[in-house]
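Letter by letter, the chains look like this.
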Amino acid sequence: MQFHSTRSGEEIDLIGAIMQGLASDGGLFVPDALPRFKPDEVSGETLPEIAAEVLVPFFAETPLADSVADICNSALNFPLPLRPVPGAESDLSVLELFHGPTAAFKDVGARFLAATMERALPHVSADARPLTILVATSGDTGGAVAAAFHRREGIRVAVLYPRGQVSARQEKQLTCWGDNVRAYEIDGTFDDCQAMVKESFADATCRERLRLSAANSINLGRLLPQMAYHVAASIWHWRQHGTAAGFIVPTGNLGNGLACMWAQAMGFPIREIVLAVNANRTIPDFLATGDWQPRRSQVTLASAMDVGNPSNMERLRDLIPDFDALRAAIRAFPVEDEQIRQQIAKDYGRYGEVWCPHTATGFWTFDHLSPEARTLPWVVCATAHPAKFESIVEPIIQREVDVPPALEALLTKPTHKIQLPADFSAFRAGLLEWS
Ligand SMILES: *Cc1c(COP(=O)(O)O)cnc(C)c1O
């Protein structure tokens, strides 16, 4: 299968797209044509089995064509259950995406990317130097990437995060690794961290002496496995109930939402897709007016969705170029912080379920569909475990949230971090002496 850039049409295969990340024209890679399936053509039962069947065409004619099942088995090796919401009045299910090592759905993409990159490395060049992956993070992404690449052969990771601006548990997830993972605590903002990563890529000495790469969220290697879990959930629901469920997807940069659109476009039984966003309303405003107005991001309780300029819109426009068709294909509901708080309290009260603030935007959206729409079958994606956001959730439900065992295991590990000012030269010196 070939992929092209959303901008110039630059063509590449999947391994190239994954190793390169961003197209050289600044665009995003998308498949030339999505394969089409009938749901009963898929025979697998578990997520890794279904993912392998669905992703085989994407890897066709690459050196990893025969490794797809192995990649899926090793990367998607944690539970990802679709379960009915107890006490709901209709066919309402929750797709729990947060049982990976860092308790958010980003583990799915990061682990798949790491498994693919590790296997691709020997095929892409004879360069024996380790690949150095740089990640600036405001919280969730860095932890998932660090966890996923920890102890991978031939790859090392430098994560930069702003001092005092990530939660205690998030910091633990960034700093508990050691070995091939370095955590840099920067005395500055997230934007400073991101600028230092960009400067590294632009620095001639760094480029010459190091083999640099990025693992940002627009990488196809993260989107494809997310598409696969939407496919799997739609098939599980269809096999069990004989109906196509609608999907409600909390989204920020539109990664999770676009992955669901691709799953639907491939022919899987997804009746409709509704996006839930927070107070960053760029997407719903666009669908209402046709006017694309990216803006600065606004801080909300659902912080991993604080995106004012969702980059995957470029991929969605490539999938459905006509605005009216796009508007017919997708809806988006903005959810304010106060509504997030109320939804967490409400669903704890009536279902006994505790949502993270991101997941709560999805359940708020369900509650605000029309009464007729609510009688149809729905799946709401739960994107993180509430224990990751305990400082928000616990005061609302007035009890402690149980910490899942995978997260607990990380919280008790020792911390390794390097503290630096927000100054590129110090970071550069550290990178260059890393051997
Ligand atoms: C990253 C993240 C999101 C948003 O994901 P997109 O890829 O931007 O759609 C939602 N919830 C959680 C918990 C996240 O970490």
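Look above for the structure.
Residues numbered from 1 in each chain as written. Predicted model: local features only at pLDDT ≥ 70, side-chain atom pairs only at ≥ 80, totals over all residues. Heavy atoms only, no water.

A. Highlighting the pairing of strand 7 (residues 155–162). Buried residues dominate strand 7, accounting for eight of its eight residues. Judged by which residues are buried, strand 7 turns out to be covered on both faces: Ile-155, Val-157, Val-159 and Tyr-161 on one side and Arg-156, Ala-158, Leu-160 and Pro-162 on the other are all buried. Relative to strand 7, strand 6 (residues 131–136) runs parallel, the two being bridged by six bridges. Pairing of Ala-136 across the sheet is with Leu-160, part of strand 7. Here strand 7 runs beside strand 8 (residues 181–187); their pairing, made up of six bridges, is parallel. Looking across to strand 8, one finds that Val-157 is bridged to Val-181. For the segment spanning strand 7, helix 6 (residues 168–175) and strand 8, crossover handedness is right-handed. (Buried < 20%, exposed > 50% of the residue type's maximum accessible area, 1.4 Å probe, protein only. Helix = DSSP H or I, 4+ residues; strand = E, 2+ residues; numbered from the N terminus. Pairing = 2+ DSSP bridges. Right-handed = clockwise from strand over helix to strand, strands pointing away.)

B. Structural detail: the site of the ligand. Taken together, 14 residues surround the ligand, and among them Lys-106, Asp-140, Thr-251, Asn-253 and Thr-383 come closest. Gly-252 places a polar main-chain atom, nitrogen or oxygen, 3.2 Å from an oxygen atom of the ligand. Here a nitrogen atom of the ligand sits 2.8 Å away from a polar atom, N or O, in the side chain of Thr-383. Calculation on the ligand without its partners gives an accessible area of 390 Å², and the protein chains cover 95% of this total. Among the residues making up the shell around the ligand, the classes are represented as five nonpolar, seven polar and two charged. (Near = heavy atom within 4 Å. Polar contact = N/O pair within 3.5 Å; in protein donor to acceptor, adjacent residues only side chain to side chain. Areas by Shrake-Rupley, 256 points an atom, 1.4 Å probe, with all protein chains shown as cover. Nonpolar A, V, L, I, M, F, W, Y, C, P; charged D, E, K, R; others polar.)

C. Spatial organisation of the environment of His-99. On the secondary structure map, His-99 appears in the loop between strand 5 (92–96) and helix 4 (106–124). On the basis of relative accessibility, which here comes to 29%, the residue His-99 falls in the partly exposed class. Ignoring anything within four residues of it in the chain, the contact list for His-99 reads Phe-78, Pro-79 and Pro-81. (Contact = heavy atoms within 4.5 Å.)

D. A look at the pattern of salt bridges. Evaluated as defined, the whole model comprises 22 salt bridges. Residue Glu-171 is joined to Lys-417 by a salt bridge in which the shortest nitrogen-to-oxygen separation is 3.0 Å. Taken together, the residues span a long stretch of sequence, with Glu-171 in helix 6 and Lys-417 in the loop between helix 18 (405–411) and strand 14 (418–421) at a distance of 246 residues. Sharing partners across several salt bridges, the network here consists of Lys-346, Asp-347, Arg-350 and Asp-367. (Salt bridge = Lys/Arg side-chain N within 4 Å of Asp/Glu carboxyl O.)

E. Highlighting unusual backbone geometry. A positive phi is found at Asp-179, a non-glycine position, where the angle reads about 50 degrees. A positive phi is found at Leu-254, a non-glycine position, where the angle reads about 75 degrees. Relative accessible area serves as the criterion here: at 1%, Leu-254 is assigned to the buried category.

F. A look at the nonpolar core. Counting residues in hydrophobic clusters, the biggest one holds 101 residues, and the most contacted among them are Leu-55, Phe-58, Phe-59, Phe-149 and Met-227. Residue contacts for Leu-55: discarding those within four places in its chain leaves Val-68, Cys-72, Phe-112, Leu-224, Met-227 and Ala-228. If you look at the next biggest cluster of nonpolar residues, it comprises 32 residues, including Ala-103, Val-274, Phe-366 and Ala-387. (Core = buried A, V, L, I, M, F, W, Y, C linked by side-chain atoms within 4.5 Å.)

G. Representation of the packing of aromatic side chains. This structure, assessed with the given rule, holds six aromatic pairs. Positioned above the aromatic ring of Trp-434 is the side chain of Arg-156, whose terminal nitrogen or guanidinium carbon lies 4.4 Å from the ring centre. Between the NZ or CZ atom of Arg-271 and the centre of the ring of Trp-378, over which it lies, the distance is 4.6 Å. (Phe/Tyr/Trp six-rings, centres within 6.5 Å; stacked < 30°, edge-to-face > 60°. Lys NZ or Arg CZ within 6 Å of the ring centre and 35° of its normal.)

H. Quick peek at the sheet that holds strand 8. Across the sheet, five strands lie side by side as 9-6-7-8-14; this open sheet has parallel pairing. At either margin of the open sheet sits one strand with a lone partner, and together these are strand 9 (211–214) and strand 14. Mean inter-strand twist for the sheet, computed between neighbouring axes without regard to direction, equals 30 degrees. On top of the sheet, helix 4 reaches strand 6, strand 7 and strand 9; it is set at about 140 degrees to strand 9, its chief contact. This element, helix 19 (residues 424–433), spans strand 6, strand 7, strand 8 and strand 14 of the sheet and lies at about 170 degrees to strand 8. (Axes fitted to C-alpha atoms, helices over the stretch in contact; angles between N-to-C directions.)

I. Geometry of helix 4. Spanning 19 residues, helix 4 covers 25 Å between terminal C-alpha atoms, matching the ideal 27 Å at 1.5 Å per step. Of all the bends in helix 4, the greatest, near 30 degrees, is centred on Glu-118, and the proline Pro-122 appears no more than four residues after it. Judged by how many residues are buried, helix 4 sits mostly within the fold: 15 of 19 residues are covered. (Expected span 1.5 Å × (residues − 1). Bend = angle between axes of the 7 residues up to and from the residue.)

J. Representation of the packing of helix 4 against helix 5 (residues 140–149). Viewed as axis vectors pointing N to C, helix 4 and helix 5 meet at an angle of 40 degrees, and their least axial separation amounts to 8 Å. One finds that helix 4 runs oblique with respect to helix 5. The two elements helix 4 and helix 5 meet at a crossing, and its hand is right-handed. Counting all contacts with helix 4, which are made through Lys-106, Asp-107, Ala-110, Arg-111, Leu-113, Ala-114 and Met-117, the residues of helix 5 involved are Asp-140, Thr-141, Ala-144, Val-145, Ala-148 and Phe-149. Partitioned by chemical class, the residues of the contact of helix 4 with helix 5 number eight nonpolar, one polar and four charged. (Parallel < 35°, antiparallel > 145°, perpendicular 65-115°, else oblique. Left-handed = near helix turned anticlockwise from the far one by under 90°.)

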